Amino acid sequence: MNRKTEHRYRDIASIIPLLLFCPAFIGVNVFLGAAAPAFIAYAAAGSFFYVLFGLMAYCDDSRLLDPIQSGRTGALTILIVFAAVFTGGHPAAAAAITLAGAVAMEFYAHRLIGATGREMAAGGGFINLTLGLVFLVYWIKDPASWADRLNGALTAVLPASFPHPAAAAVLAATGAALLLLLVRSLPELGCLSLGEAYFSRSGRSHRFWYGLVLALRGLFMALTFLSLGWLHGALLTLPGRAGIPRYVAVFRALLLCVCYTQGLVLLAGRLGMPAAVMTAFAVSMGSLIARYGKKGMRYGYR
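All figures in this text were calculated on a predicted structure; none of them were measured in a lab. (Residues numbered from 1 in each chain as written. Predicted model: local features only at pLDDT ≥ 70, side-chain atom pairs only at ≥ 80, totals over all residues. Heavy atoms only, no water.)

Caption draft 1: Inspection of the environment of Ala-104 at higher detail. Mapped onto the secondary structure, Ala-104 falls in helix 6 (residues 91–112). Here the alpha-carbon distance between Ala-104 and Leu-214, two residues 110 residues apart in the chain, equals 9.1 Å. (Helix = DSSP H or I, 4+ residues; strand = E, 2+ residues; numbered from the N terminus.)

Encoded structure:
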């Protein structure tokens, strides 16, 4: 057996423990009643769209940042709070505003100002700090009801508004189909990162296809946020060995996301949503700090 074949079998074998952990995590959450069945199902469905979001970021250096680090999740949290106020808490209107806001953020960051990874990390830190100060003011002003307000702001919209596991199953099936389609398109998606001068040699419009990528990335970010809230982050930025078959790498990333989100759901059920969100935030920002200054960060963040 040559070295390449040995590595391939090793990569495939590394998925087996995750295949056992995923249903185990979901089963434990259901058995212990850590959350409503719809919430557990949406957490699994949201993992598909989180991986889709990460794959759509393959065409530029922003794949080095997860949504918490880049401030996308914090910005959508602020947006959903204002949307709830102006729409009277109507879930469909809030979801539509979230979708429009997520797409607008992608076009603003990548088309209007052309933000680099370092600039997005700085902007994300500012947004997260602002959101933390807002919650701190609410806590100082009304400590008796701050926990309810915090839970309301951090709880994902879809599990609270459409509490039926069948809806989550449809969402997961849609995410799985899109994931299979997108994995096959990764080489073409990577060509977009080479710039307009190279991509336009194929006779296709770089502006159109990159705009489509940004719109889809905003859609996947919105569905991730609406399904998971803050219960995601960090995993798409973990380093991996070069040369892993892309189907294996994507499937492993999906299983890791499902395990991670189900672990956060269990923590939310035992200690409350704020504790789970703070854990996700700490893991996400901790991974950013751990990578700061390394070769990949210096090249990726320009």
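This is not the end of the story, as more comes after the structure.
Caption draft 2: Molecular detail of the side chain of Arg-72. By the element assignment, Arg-72 lies in helix 5 (residues 72–87). Of the residues examined, Arg-72 reaches a relative accessible area of 5% and is grouped as buried. Of note is the side chain of Arg-72, whose polar atom sits 2.6 Å from the side chain of Glu-106. Residues within four places of Arg-72 in sequence aside, it is in contact with Phe-53, Pro-67, Met-105, Glu-106, His-110, Met-120, Arg-217 and Met-221. (Buried < 20%, exposed > 50% of the residue type's maximum accessible area, 1.4 Å probe, protein only. Polar contact = N/O pair within 3.5 Å; in protein donor to acceptor, adjacent residues only side chain to side chain. Contact = heavy atoms within 4.5 Å.)

Caption draft 3: Representation of the packing of helix 5 against helix 7 (residues 117–141). Put simply, helix 5 and helix 7 touch, their axes get as near as 8 Å, and they point 40° apart. The angle between helix 5 and helix 7 falls in the class oblique. Helix 7 is crossed by helix 5, and the crossing has left-handed handedness. Residues Arg-72, Gly-74, Ala-75, Thr-77 and Ile-78 of helix 5 lie in contact with helix 7, whose contacting residues are Met-120, Ile-127, Asn-128 and Leu-131. Partitioning the contact of helix 5 with helix 7 into residue classes produces five nonpolar, three polar and one charged. (Axes fitted to C-alpha atoms, helices over the stretch in contact; angles between N-to-C directions. Parallel < 35°, antiparallel > 145°, perpendicular 65-115°, else oblique. Left-handed = near helix turned anticlockwise from the far one by under 90°. Nonpolar A, V, L, I, M, F, W, Y, C, P; charged D, E, K, R; others polar.)

Caption draft 4: Broad picture of the nonpolar core. Counting 46 residues, the largest nonpolar core has Val-51, Leu-55 and Leu-179 as its most contacted members. Sort the elements by how many residues they give to this core and helix 3 (residues 37–56) lands first, with 11 residues. Ile-40, Ile-68, Ala-268 and Ala-276 belong to the second-largest nonpolar core, a separate cluster that totals 16 residues. (Core = buried A, V, L, I, M, F, W, Y, C linked by side-chain atoms within 4.5 Å.)

Caption draft 5: The pattern of salt bridges, seen in detail. Applying the stated criterion across every chain, the model contains two salt bridges. Between Glu-106 and Arg-72 there is a salt bridge, with the nearest N and O atoms lying 2.6 Å from each other. With Glu-106 in helix 6 and Arg-72 in helix 5, this pair connects stretches of sequence that are 34 residues apart. Summarising the burial analysis for this pair, Glu-106 and Arg-72 share the class buried. The shortest N-O distance in the salt bridge between Arg-217 and Glu-106 comes to 3.5 Å. (Salt bridge = Lys/Arg side-chain N within 4 Å of Asp/Glu carboxyl O.)

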